[in-house]
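Here is what each chain is made of, one letter per residue.
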Amino acid sequence: MNMSKYAPAYLATIFATVVVCGLLAFGFNAAVDPMWYFGGNKLGTVNYAFNERLSKTNRFLADPERYDCLIFGDSRVTLLPEDKIEGYRCFNFAFSAGKAEEAVAFARYVGARGFKPRLVIMGVPAAAFRERIGGVNIPPFIKEGGAPKSPFLTYLSLDAVSMSKQTLFGVSPLDRVYDRNFNCNVAPGAPAYDPRVPLRDLMAGKFNAPQRVRFYDDMRKIFPDAELVGYVPPISAWAIKSYDDAGWLGDYVHVLHAASEKFDRFLDYGVPSALTIDTANTYDGTHYSEPANAAVARSLLSGGLPDTLNVKALSSRQMGDIYRQRLGSYNSELRAGLAD
């Protein structure tokens, strides 16, 4: 009888405790904002990328009218500063392991919501044309054209609390971090690049799937009025030497040239150059520093850096000849980088 008397108060206390804990969790998560629903971290100076595919969609949908340009690509392209593309208000929609098929899905998603950019920039690495490139990761809400999961559900979870704590007190889950303005930077403590250490997955497969250029046709169909600009992100000159030594350079050049035909402009920053022979510009041979990517972004619409290739002005054979000439001209530096 006594238990029955106090049961309502007991249940009310439990309910109030749950509500208070939920509100505290939501408030903490909303302030740190690990999924970028509300403009990012208000309690610190960095934003970690726990799920770029979701986080970037949340950020874009918060104010799509702010932008007139989209950037797509993989983790290398995340480092391209969106605010350095002169004359445009770009949103960088690149994410880890991003593939052209995924970019098309995200483009179709925002296009279905009425977004019509004036400019679309796509990072096009030759690795996109390997026979096997792994599966795609397109969130269900992107496929279905629905809304992302509500922040009011996401931020009531313990998983979100854990991500918020990691953002404030832990290390980045990736080797890249975003600042308060969502510019992507190399994470603190990144190693120095050593050309003697083979790049991860460097020789994962030959470049024998040029048919994937069809995805760039799809992008043009989605945004027919946009200028379509492609670029090859920088890659270590030692990687290019490895392809040449293996007899793969001809296919490497061929797939990039085939891709260039789908774009209005197409620049190659991966050709051996002063940018890619300088080990200080990268920490792993494929992800380049903020200053290097800023130089790429500023020059992307003006013809590139002095030794960038304008691929659309070259034949495939001319492009291959330039690659081999550059490898020859940097031969001493390439040898020195591999010396003990």
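Check the entry above for the structure.
Let me begin by describing the structure that accompanies this report.

**Focus on the packing of helix α9 (residues 237–246) against helix α13 (residues 316–329)**
The angle between the axes and the distance between the axes are what describe a pair of packed helices.
Reasoning step 1: Two numbers describe how α9 lies on α13: the axes approach to 11 Å, and their chain directions differ by 115 degrees. Crossing of α9 over α13 shows left-handed handedness. Along its contact with α9, which presents A237, I240, K241 and D244, the element α13 presents Y323, R324 and L327.
Reasoning step 2: Residues belonging to the contact of α9 with α13 are distributed by class as follows: four nonpolar, no polar and three charged.

**Observations regarding the layout of surface pockets**
Reasoning step 1: What the second largest pocket holds in volume is close to 260 Å³.
Reasoning step 2: Every residue lining the second largest pocket is counted, 17 residues in all, and those nearest its centre are R59, R66, Y67, E82 and N181.
Reasoning step 3: When the residues that make up the lining of the second largest pocket are grouped by side-chain class, the tally is eight nonpolar, three polar and six charged.

**Structural notes on the sheet that holds strand β5 (residues 176–179)**
Reasoning step 1: Spatially, β1-β5-β6 is the arrangement adopted by the three strands of the open sheet, whose pairing is antiparallel. Pairing within the sheet leaves two strands with one partner each, and these edge strands are β1 (46–47) and β6 (184–186).
Reasoning step 2: Both β1 and β5 contribute to a ladder of two bridges, which runs antiparallel. Across the sheet, the residue bridging to V46 is D179, located in β5.

Each value, and the rule that gives it
Per-chain numbering applies: the sequence of each chain, read as written, is numbered from 1 onward. With pLDDT at 70 or above as the cut-off, local features in this predicted model cover only qualifying residues; side-chain atom pairs require 80 or more to be listed or tallied, and sums for whole chains, interfaces and linings still use all residues. Hydrogens and waters are ignored; side-chain quantities use all the structure's heavy atoms. To define axes, lines are fitted to C-alpha atoms, for helices over the stretch in contact only, and angles between the resulting N-to-C directions are given on a 0 to 180 degree scale. A run of H or I in DSSP becomes a helix once it reaches four residues, and a run of E becomes a strand once it reaches two; helices and strands are each numbered from the N terminus. Throughout, a crossing is termed right-handed when the near helix is turned clockwise from the far one, and left-handed when it is turned anticlockwise from it by less than a right angle. Pairs of residues are marked as contacts when any of their non-hydrogen atoms sit within 4.5 Å. Gly counts as polar in this scheme, as do all residues outside two lists: the nonpolar Ala, Val, Leu, Ile, Met, Phe, Trp, Tyr, Cys and Pro, and the charged Asp, Glu, Lys and Arg. The distinction between a cavity and a pocket rests on a 1 Å grid over the protein atoms alone: a 1.4 Å probe fits inside a cavity but cannot get out, while a pocket stays open yet meets protein on both sides within 12 Å along at least five of seven lines, and a residue with an atom within 4 Å of a point counts as lining. Grid points are joined across faces, edges and corners, and a volume is the space filled by probe spheres set on the points. When DSSP finds two or more bridges between two strands, those strands count as paired.

Note that every value here comes from positions in space, so none of it alone points to a role or purpose.
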